[in-house]
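Overview (structure and organization)
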Amino acid sequence: MPYQSKRRKMTAEINVVPYIDVMLVLLIIFMVTAPFVTQGVDVDLPQTSTAKTAADLASDADSGAFIIVEVDQNGGLGLSVNNGDMERGLSLQDMLVRVKAELELNPKSPVLVGGDGRVPYSEIILTLDALNQAGVSSVGLMTEPLDS
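Quick notes on the rules
- Residue numbers here run from 1 along each chain, matching the order of that chain's written sequence.
- Totals for whole chains, interfaces and linings use all residues, but because this is a predicted model, local features are given only for residues with pLDDT of at least 70 and pairs of side-chain atoms are given and counted only at 80 or more.
- Values reported for side chains reflect all heavy atoms of the structure, with hydrogen atoms and water molecules removed beforehand.
- UniProt positions are given in the numbering used here, feature names are shortened, and annotations may be inferred rather than shown by experiment.
- Salt bridges are identified by distance alone: a Lys or Arg side-chain nitrogen within 4 Å of an Asp or Glu carboxyl oxygen.
- Counting from the N terminus, the helices are the DSSP runs of H or I reaching at least four residues and the strands are the DSSP runs of E reaching at least two.
- Think of it in three bands: residues with accessible area under 20% of the maximum for their type are buried, residues over 50% are exposed, and the middle band is partly exposed, with areas taken using a 1.4 Å probe on protein chains only.
- Between the N-to-C directions of two axes lies an angle of 0 to 180 degrees, each axis being a line fitted to C-alpha atoms and, for a helix, fitted only over the stretch in contact.
- Each angle gets one of four labels, with under 35 degrees taken as roughly parallel, over 145 as roughly antiparallel, 65 to 115 as roughly perpendicular, and the rest as oblique.
- By the definition used in this description, the sense in which the near helix is turned from the far one sets the handedness, with an anticlockwise turn below a right angle giving left-handed and a clockwise turn giving right-handed.
- Contact criterion: two residues are considered in contact whenever any of their non-hydrogen atoms come within 4.5 Å of each other.
- For two strands to be treated as a pair, DSSP must find no fewer than two bridges joining them.

An unreviewed UniProt entry lists the protein under the name Tol-Pal system protein TolR, with Enterovibrio norvegicus DSM 15893 as the source organism. Within the UniProt record for the protein, the comment given under Function (unreviewed entry) is "Part of the Tol-Pal system, which plays a role in outer membrane invagination during cell division and is important for maintaining outer membrane integrity." Within the UniProt record for the protein, the comment given under Sequence similarities (unreviewed entry) is "Belongs to the ExbD/TolR family."

In this section: the pattern of salt bridges. This structure, assessed with the given rule, holds 3 salt bridges. Of the charged contacts in the structure, one is a salt bridge between arginine 88 and glutamate 70, with a shortest N-O distance of 3.7 Å. One end of the pair, arginine 88, is in strand E3 (residues 87-90); the other, glutamate 70, is in strand E1 (residues 67-71), with 18 residues separating them in the sequence. With relative accessibility at 60%, the residue arginine 88 sits in the exposed group.

Take the UniProt feature "transmembrane region" (unreviewed entry) in the protein next. UniProt's feature table lists "transmembrane region" (unreviewed entry) at residues 16-37, given in the numbering used throughout. As annotated, residues 16-37 has a helix share of 95% and a strand share of 0%, and its two end C-alpha atoms lie 31 Å apart.

It is worth spelling out the packing of helix H3 (residues 92-105) against helix H4 (residues 121-133) at this point. Between H3 and H4, the shortest axis-to-axis distance is 10 Å and the interhelical angle comes to 45°. With respect to H4, the axis of H3 lies oblique. Classified by chirality, the crossing of H4 by H3 is right-handed. Here H3 contributes Leu92, Met95, Leu96 and Val99 to the contact with H4, which in turn contributes Thr127, Ala130 and Leu131.

Moving on, we get to the pairing of E1. For E1, a buried count of 4 out of 5 residues is recorded, marking the element as mostly surrounded by other parts of the structure. Examined bridge by bridge, E1 and strand E2 (residues 77-81) share 5 bridges and lie antiparallel to one another. Bridging across to E2, isoleucine 68 finds its partner in serine 80. Note that E1 and strand E4 (residues 111-115) share 5 bridges and pair parallel. Across the sheet, the residue bridging to glutamate 70 is glycine 114, located in E4.

Laid out in structure tokens, this is it:
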């Protein structure tokens, strides 16, 4: 009998086990580092579908009063209480003293911070941080509704 060689077929297979191992390691790394990434001041960011107007916030509060802190494009501060005239050109310390005084009179008054679209983001963060350090526990950010 003559010798017949067996022909083996070549098969191309990709071993995916190392890729799965790498993905699991990356998943674990992201899960461990995720809590350290979130930081900052606690603020109530309005959602577009459930955002409330200042009038709605005033009617929800027991006293009906609300405090608005505005940051203009040059970083200047303004303060308005219960939709009154805006006091402009306040220093950060003067604004904090006024906000604390208003919150002592009406502790449930909502505090809203609004900023000009051209103001550097750092100015808004400094204002939010100062309010947080002054003891204001809940701050809302003012926005305008999107034009449909």
